[in-house]
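A look at the structure
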Amino acid sequence: MGQDLIEEGLLEIFLQDEFSRQNPVIAKIMDGEHYIATDGIWVKGMSFAYQLDKDSVTRIAAIYEQHKQEFMQFGVTIDIASSTNLSTSFKYAENFYPFLKFRKIEKTGTLRCWVKTRE
């Protein structure tokens, strides 16, 4: 697990500088309708533990054994600890970002905190 951050002040300077140079890509994203992720928490995998009834664990075990290669190909493993307990693990080939913080790119190139309000 880790965190990636974009230095917002430096990003604003970059956007304003490139906009003044008439960079067409920057002009498109500075229309007041675009957002950028400035902070993200990434993970390489996740694990979950479950306590279920015996029938559910038996069905899951049968499906897993029948398709074990496919599950493993996608980085998924299931560990049956007992007749009612199991865990699943997911490993990602690349960083997975389940949590991101977005900022709205204003027409001026400044970044504004994006907060969805209820109407």
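Conventions used here
- Residues numbered from 1 in each chain as written.
- Predicted model: local features only at pLDDT ≥ 70, side-chain atom pairs only at ≥ 80, totals over all residues.
- Heavy atoms only, no water.
- Helix = DSSP H or I, 4+ residues; strand = E, 2+ residues; numbered from the N terminus.
- Expected span 1.5 Å × (residues − 1).
- Buried < 20%, exposed > 50% of the residue type's maximum accessible area, 1.4 Å probe, protein only.
- Arc of directions from axis to C-beta.
- Contact = heavy atoms within 4.5 Å.
- Polar contact = N/O pair within 3.5 Å; in protein donor to acceptor, adjacent residues only side chain to side chain.
- Patch = residues over 30% accessible without salt bridge, like charges linked within 9 Å, V, L, I, M, F, W, Y side chains within 5 Å.
- Areas by Shrake-Rupley, 256 points an atom, 1.4 Å probe, with all protein chains shown as cover.
- Salt bridge = Lys/Arg side-chain N within 4 Å of Asp/Glu carboxyl O.
- Core = buried A, V, L, I, M, F, W, Y, C linked by side-chain atoms within 4.5 Å.
- Phe/Tyr/Trp six-rings, centres within 6.5 Å; stacked < 30°, edge-to-face > 60°.
- Pairing = 2+ DSSP bridges.

Over its 13 residues, helix α1 (residues 8-20) runs 18 Å from end to end, which matches the ideal 18 Å to within 8%, given 1.5 Å per residue. Inspection of α1 places L11, L15 and E18 among the buried residues, and these make up the whole buried set. Each buried residue of α1 lies within a common arc of 75° when the element is viewed along its axis, so the set occupies one face. For α1, the exposed residues lying more than 90 degrees away from the buried face are L10, I13 and S20. Where α1 is buried, its residues contact α2 (24-29), β2 (34-51), β4 (85-105) and β5 (111-113). If you check the start of α1, you find a side-chain oxygen 3.2 Å away from the backbone N of G9, and it comes from E7. Where α1 ends, the next residue or the one after it, Q22, has phi of about 65°, a positive value.

Where nonpolar side chains cluster on the molecular surface, the patch consists of Y35, Y97, L100 and F102 and spans about 360 Å² of accessible area. For the nonpolar patch, the leading source of residues is β4, giving three residues. Tracing the chain through its elements places Y35 in strand β2. On the basis of relative accessibility, which here comes to 38%, the residue Y35 falls in the partly exposed class.

Time to look at the nonpolar core. Core analysis: the biggest nonpolar cluster contains six residues, these being L11, L15, I26, M30, I105 and L111. Not counting the four nearest positions on each side in its chain, L15 is found in contact with I26, I29, M30, I105, G109 and L111.

Taking 1.5 Å of rise per residue, 13 residues should cover 18 Å, and helix α3 (residues 54-66) covers 18 Å from first to last C-alpha, within 8% of that figure. Listing the buried residues of α3 in full gives S56, V57 and Y64. On an axial view of α3, the arc spanned by its buried residues comes to 95°, and they lie on one face. Those residues of α3 that are exposed and angled more than 90 degrees off the buried face are K54, D55, T58, R59, E65 and Q66. Buried-residue contacts for α3 involve α4 (68-73), β3 (76-80) and β4. The opening residue of α3, the one whose side-chain oxygen lies 3.2 Å from the backbone nitrogen of D55, is D53.

Right, let's talk about the packing of aromatic side chains for a bit. Per the stated rule, a full pass over the model turns up three aromatic pairs. Arranged with centres 5.0 Å apart and planes meeting at 35°, the rings of Y92 and F96 form a pair that is tilted. By relative accessible area, Y92 is classed as partly exposed at 27%.

This part takes up the pairing of β3. The side chains of a regular strand alternate, first on one face of the sheet and then on the other. Here β3 runs beside β4; their pairing, made up of five bridges, is antiparallel. Residue I80 lies in a different strand from β4, and its bridge partner there is L86. Hairpin connection between β3 and β4: a loop of four residues separates the two successive antiparallel strands.

Fair warning: the whole summary comes from geometry, so function is off the table for now.
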